[in-house]
Amino acid sequence: MLSIIIAAHNEEPVIGSCLDAIRNGLRTDAEIIVSANGCTDRTVEVAREHRAAVIDRPEPGKPGALNAADELATGYPRVYLDADIRVPEGGVAALERLLDQGALAAVPRRRVDTSGRPLAVRAYFAINERLPVFRDGLFGRGMIAVSESGRRRFDRFPAMIADDLFLDSQFSAAEKAEATSVEVVVEAPRTTKALVNRLVRVRRGNAEMRSASASGEVAVAIRPSDKWAWLRDVILPNPHLVFAAVPYLVITVTAALRARRAPHTADAWGRDESTRQRTPDLIGSTG
């Protein structure tokens, strides 16, 4: 029996629909664990109403939430799921099939919903969605399935923000797989400011993880940042996107400069609050 782990911090608006989608789409039994931490809303109550096993931790922090759930979980594979993702019917089974075929980690393909967003946000993701890192990386999708042997690659999640990058670094390209028949929809930030704030958190977390790898604090090689992929792999092959490059660069550089000044807290959640304000009608599909 597989285990599905959801780390949750103040997810009352979305956790119910997330859990409903999981149960409606599963074809086998699963152990579903919501690791609530530092919640000041009804996340815990809603999760229990939807029949999930709940860990109610007073301390905030996603890494700690993941580790607490891993200690309770008994099944494999392990599916690490963000609370704002609704898994389409058959989505978990599709990832399981890839693991059965030999992959150690599997993810769905992603689509970023930019409808109704400002022009700058749409322009940023017109380039971001086409970056090669999102074709062979485990991050940016909100859902990662890891086999039992894959999970044995590491002991605990480090107390750092970039948990997706940490998981991605455990496996070679040949050990990862994407279920192209499964699509999850990731909500883009609703304002340019929210996008910049998200990128600041991501950049800070990635830099911290790379520094920990270089110092030996984290015993895994972290993939390096490819600073010119936006031009080499996106703009040059797609010259019609040249006008999107200006807001993309402004947002990227702004976030990079702010990330250097941003204070670090190990308990920080690298998430965008603007997308937690409502539950979208559709967050996933199979094709």
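Here, every reference points to the structure presented above.
If you tally the helices and strands in the chain, you get 11 helices and 8 strands. Here the C-alpha atoms of the chain give a radius of gyration of 18 Å, agreeing with the 19 Å that 2.2 N^0.38 yields for 287 residues. With the C-alpha coordinates aligned to their principal axes, the bounding extent of the chain is approximately 50 × 40 × 40 Å. With 287 residues in all, the chain has 57% of them scored as buried. Carbon and sulfur atoms provide 52% of the accessible area of the chain, an area that totals close to 13000 Å². Positive and negative side-chain charges in the chain, numbering 39 and 37 respectively, have mean positions lying 6 Å apart.

Now for the pattern of salt bridges. According to the stated counting rule, one finds 19 salt bridges in the structure shown. Salt-bridge contacts for E148 lead to R152; the nearest nitrogen and oxygen are separated by 2.6 Å. Owing to a relative accessible area of 62%, R152 belongs among the exposed residues under this scheme. Of the charged contacts, one joins D226 and R232 as a salt bridge, the two residues approaching to 2.5 Å between their closest N and O atoms.

Note on placement: Q170 falls in the loop between α8 (163–168) and β7 (176–187). The class for Q170 is buried, based on a relative accessible area of 11%.

Right, let's get into the packing of helix α5 (residues 119–128) against helix α11 (residues 245–261). The description of two helices packed together rests on the angle between their axes and the distance between the axes. Direction vectors running N to C along α5 and α11 enclose 95°, while the axes themselves pass 8 Å from each other. In terms of their interaxial angle, α5 and α11 are classed as roughly perpendicular. Here α5 contributes A120, A123, Y124, I127 and N128 to the contact with α11, which in turn contributes A245, P247, Y248, I251 and T252.

Counting buried residues along helix α4 (residues 91–100), 7 of its 10 residues qualify, which places the element largely inside the surrounding structure. Turning to α4, its buried residues are G91, V92, A93, A94, L95, L98 and L99. Buried residues belonging to α4 abut β1 (2–8), β5 (105–113), β6 (143–146) and β7. Positive phi shows up at G102, right after α4, with a value of about 120°.

For the rest of this paragraph, the subject is the packing of aromatic side chains. Applying the stated criterion across every chain yields a total of 9 aromatic pairs. On the numbers, 5.2 Å between centres and 70° between planes, the contact of F154 with F157 is edge-to-face. Here F154 falls in the buried class, since its relative accessible area comes to 9%. A network of ring pairs unites the aromatic residues Y124, F125, W228, W230 and Y248 as a single cluster. Across from the ring centre of F134, 3.8 Å away, lies the NZ or CZ of R110, which sits over that ring. When the ring centre of F154 is taken as reference, the NZ or CZ atom of R151 above it lies at 3.9 Å.

Turning our eyes to something else, we now look at the packing of helix α9 (residues 192–215) against α11. Between α9 and α11, the least distance of the axes is 8 Å, while the angle of their chain directions is 50°. In terms of orientation, α9 and α11 fall into the oblique class. In this structure, α9 crosses over α11, and the sense of that crossing is right-handed. Note on element contacts: α11 touches α9 through I251, T252, T254, A255, A256, R258 and A259, opposite T192, L195, V196, N197, L199, V200, R203 and R204. Split into classes, the residues belonging to the contact of α9 with α11 amount to 8 nonpolar, 4 polar and 3 charged.

Take S3: it is sitting in strand β1. S3 gets classed as buried once you look at its relative accessible area, which sits at 0%. Expressed as a C-alpha distance, the spacing of S3 and L99, which sit 96 residues apart in the sequence, is 14 Å. In this structure, S3 is in contact with E31, A73, T74, G75, Y76, P77, R78 and V79, ignoring residues within four places of it in sequence.

What follows covers α11. Between the first and last C-alpha of α11 there are 25 Å, a value that for 17 residues agrees with the 24 Å anticipated at 1.5 Å per step. Buried within α11 we find A245, Y248, I251, T252, A255, A256 and A259. Across the axial projection of α11, the buried residues extend over an arc of 135°, all falling on one side. Exposed positions of α11 whose direction lies more than 90 degrees from the buried face are V246 and R261. Lining the buried residues of α11 we find α5, α9 and α10 (229–235).

So, how was this worked out
- Note on numbering: residues in each chain are counted from 1, in written sequence order.
- The predicted nature of this model means local features are confined to residues of pLDDT at least 70 and side-chain atom pairs, given and counted, to a pLDDT of 80 or more, with totals for whole chains, interfaces and linings taken over all residues.
- Only heavy atoms go into the side-chain values, all of them from the structure, while hydrogens and water stay out.
- Strands are runs of DSSP state E lasting at least 2 residues, helices are runs of H or I lasting at least 4, and numbering of each runs from the N terminus.
- A radius of gyration in this sense is built from C-alpha atoms; the matching globule rule multiplies 2.2 Å by the number of residues raised to 0.38.
- Three labels apply to residues, based on accessible area from a 1.4 Å probe with only protein chains included: buried if under 20% of the type maximum, exposed if over 50%, partly exposed otherwise in between.
- Note on areas: Shrake-Rupley with a 1.4 Å probe; residue coverage comes only from the protein chains shown.
- The charged-residue count follows a simple rule in which Lys and Arg add positive charge and Asp and Glu add negative charge, with His and chain termini not counted at all.
- One atom stands in for each charge, and that atom is NZ of Lys, CZ of Arg, CG of Asp or CD of Glu.
- Think of a salt bridge as a Lys or Arg side-chain nitrogen and an Asp or Glu carboxyl oxygen that are within 4 Å of each other.
- Note on geometry: axes are lines fitted to C-alpha atoms, helical ones only across the stretch in contact, with angles between N-to-C directions running from 0 to 180 degrees.
- Roughly parallel here means an angle under 35 degrees, roughly antiparallel means over 145, roughly perpendicular means 65 to 115, and every remaining angle is called oblique.
- We call two residues in contact whenever any of their non-hydrogen atoms come within 4.5 Å of each other.
- What counts as a ring pair is set by centres within 6.5 Å for rings of Phe, Tyr and Trp (its six-membered ring), and what kind of pair is set by the plane angle: stacked under 30 degrees, edge-to-face over 60, tilted for all other angles.
- Any Lys NZ or Arg CZ found within 6 Å of a ring centre and within 35 degrees of that ring's normal is scored as a charge over the ring.
- Each crossing gets its hand from how the near helix is turned against the far one by less than a right angle, where anticlockwise is left-handed and clockwise is right-handed.
- Amino acids are sorted into nonpolar (Ala, Val, Leu, Ile, Met, Phe, Trp, Tyr, Cys and Pro), charged (Asp, Glu, Lys and Arg) and polar (every other residue, Gly among them).
- The length a helix should cover is 1.5 Å for every residue beyond the first.
- Note: the arc covers the axis-to-C-beta directions of the helix.

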